[in-house]
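Now for the letters of each chain:
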Amino acid sequence: MTPITTPVRTRIAPSPTGFLHLGTARTALFSWAYARHHGGQFVLRIEDTDVARSTQDSVDQILAAMQWLGLEYDEGPIYQMQRLARYNEVIEQMIAAGTAYRCYCTPQELDAMKAGQEARGEKRRYDGTWRPEAGKVLPAVPEGVKPVVRFKNPIDGDVSWVDLCKGTITINNREIDDLIIQRTDGVPTYNFAVVIDDWDMKISHVFRGDEHVNNTPWQINIFNALGAPLPAFGHVPVILGDDGQKLSKRRGAVSVTAYEENGYLPEAMLNYLSRLGWSHGDDELFSREQLVSWFDGSHLSKSPAQWDPAKLEWVNSHYIKQADDTRLSALVAAQLAKRGISADLGRLPAMCALFKDRCATTVVLADWLAMYFAPAQPTAEDLAGHVSDAVKPALATLAAKLVDAEWNKTGIQAAIKETITAHSLKMPQLAIPVRVLVCGRAQTPSLDAVLELFDKENVVERLRCA
Ligand code: GLU
């Protein structure tokens, strides 16, 4: 069957059994960008047939993460559990057409089949007991056994497709057996529901993680049995952690939401994720618009991508520097609120502007800006090392001068200069203790600029604590 190419319709089909995983987010991103590039549509489908593990909370988290990343979908969310009648209809049609059949093997019989195959060193597969063939007499239907429905997979020939990521993949039908497409409880299995949905939803291009490569031959055979047009498939290579192992919960954050909470910007995540398994020359930093204009399905990688936290930080720093200060203020205020610090938004944009160049995340920015809204917390080491008895008289002078100073950079700078002259100090001899007392750190951006954003009373009070 010739693959359909237009109009382009892609989808992401997460199972709501947890948060939006980085791998799924990357697949969603590729699917979205490909649809946008071609002026097509992007569909969100919720694959909730694993009833025991699917939760509304996961659906909500997935939707929130998609929204955060700005992956707007044109249709959906479509829930598979609301489409059971449609799956049943197709199952009945397939049984009538002889491309699917009821299998009454009990779990015990299947276990015995498996044990026998293992003992003989054979590959584990369904032995075809209930598979109808011309001239074959099937066993009598046993009482009280609820059947599953199996797909009658072709016995001979190859299944072959040109994968958008991996190139040509060919599997011999002898490698695969008669898959269960409907369980005894009437719920379809993944490989069946996915085909009916991709067909009904007119999906032209399926991007998904390469853990599904082994499922695709079955799916292609089911498409063919239904006379349905085949989508193109792109199996995106796995993302490995920096230890070379598959990303997993045990190896750090794997949910998109965790990155939002940890102070990453969505445009940075989008930019970074898109480079995992795809490239456009040497470009590392680019906008959504550029991504969409470049993402034409070429330059998809065959090999696994490497998760690189340092590079993600670098990308995030870039977007933090570029971000509007009012927007950053809201993000920082939310971070501070989590620490029980309520920030007055008034001067927050100016604070963000002053500090954002040195911050990789809004969490780090909040670490800096907390000093404006909560007591400074100098370490005992910094206090002992920098706030010596010798400098205390100068600190008292500065405090007194600041009381009368005009509260801007010029006024603050003048008070500092007069103080170092009066006490015959060099600038760092005064500036460092001031930083430690007021900011809780020995290093900050230019002192007058940092102090100007405090309330004068606050600075004076912290200096007088020396
Ligand atoms: N629900 C499947 C998953 O989350 C979807 C796979 C597919 O895209 O076909 O892995």
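Just so you know, these numbers come straight off a predicted model, no measurement behind them.

Visitor: When you look at the nonpolar core in this model, what are you seeing that I'm missing?
Guide: In this structure, Trp 307, Leu 369 and Leu 463 are the most contacted members of the largest nonpolar core, which totals 100 residues. With near-sequence residues (within four places) excluded, Leu 463 lies in contact with Leu 395, Leu 398, Ala 399, Leu 402, Val 434, Leu 437 and Val 438. The next biggest cluster of nonpolar side chains, apart from the first, holds 31 residues, and it includes Phe 192, Val 195, Val 206 and Leu 226.

Visitor: Help me understand the pairing of strand E10 (residues 232–236) in this model?
Guide: A regular strand places its side chains on the two faces of the sheet in alternate fashion. Here E10 lies mainly inside the structure; five of its five residues are buried. What you see with E10 is no split at all: Ala 232, Gly 234 and Val 236 on one side and Phe 233 and His 235 on the other are buried throughout. Note: strand E9 (residues 205–209) against E10, five bridges, orientation parallel. Within E10, the position partnered with Phe 207 by the bridge is Gly 234. Taken together, E9, helix H6 (residues 216–226) and E10 constitute a β-α-β crossover, and its handedness is right-handed.

Visitor: Help me understand the site of the ligand in this model?
Guide: Neighbouring the ligand are the residues Arg 11, Ala 13, Ser 15, Glu 47, Tyr 190, Val 194, Arg 208 and His 212. Between Glu 47 and the ligand, the recorded distance is 2.6 Å, taken from a side-chain N or O atom to a nitrogen atom. Tyr 190 is positioned such that a nitrogen or oxygen atom in its side chain is 2.6 Å from an oxygen atom of the ligand. Partitioned by chemical class, the residues of the shell around the ligand number three nonpolar, two polar and three charged.

Visitor: Help me understand unusual backbone geometry in this model?
Guide: Trans peptide bonds make up most of the peptide bonds, and negative phi angles are found at most residues other than glycine. Cis geometry is found at the peptide bond from Gly 76 to Pro 77, where omega equals 0°. Positive phi is not limited to glycine here, since Lys 202 has a value of about 55°. Note on Lys 202: relative accessible area 57%, which makes it exposed. At His 299, a residue that is not glycine, the phi angle is positive and equals roughly 60°. Given a relative accessible area of 55%, His 299 falls into the exposed group.

Visitor: Would you mind going over the pattern of salt bridges with me for this structure?
Guide: Two side chains that carry opposite charge are able to pair once their charged atoms sit near each other. This model, assessed by the stated rule, comprises 29 salt bridges. Among the salt bridges present, the one from Arg 131 reaches Glu 133, with a minimum N-O distance of 2.7 Å. Overall, Arg 131 belongs to the buried group, its relative accessible area being 9%. Glu 133 gets classed as partly exposed once you look at its relative accessible area, which sits at 34%. Notably, a salt bridge pairs Glu 133 with Lys 152, separated by 4.0 Å at the nearest N-O pair. Of this pair, Glu 133 sits in the loop between helix H4 (107–119) and strand E5 (148–151) while Lys 152 is found in the loop between E5 and strand E6 (158–163), placing the two residues 19 residues apart along the sequence. One connected set of salt bridges, linked through shared partners, spans Arg 11, Arg 45, Glu 47, Arg 83, Arg 86, Glu 89, Asp 197, Asp 198 and Asp 200.

Conventions we followed
- Residues numbered from 1 in each chain as written.
- Predicted model: local features only at pLDDT ≥ 70, side-chain atom pairs only at ≥ 80, totals over all residues.
- Heavy atoms only, no water.
- Core = buried A, V, L, I, M, F, W, Y, C linked by side-chain atoms within 4.5 Å.
- Buried < 20%, exposed > 50% of the residue type's maximum accessible area, 1.4 Å probe, protein only.
- Contact = heavy atoms within 4.5 Å.
- Helix = DSSP H or I, 4+ residues; strand = E, 2+ residues; numbered from the N terminus.
- Pairing = 2+ DSSP bridges.
- Right-handed = clockwise from strand over helix to strand, strands pointing away.
- Near = heavy atom within 4 Å.
- Polar contact = N/O pair within 3.5 Å; in protein donor to acceptor, adjacent residues only side chain to side chain.
- Nonpolar A, V, L, I, M, F, W, Y, C, P; charged D, E, K, R; others polar.
- Salt bridge = Lys/Arg side-chain N within 4 Å of Asp/Glu carboxyl O.

Worth remembering: the numbers are spatial, not functional.
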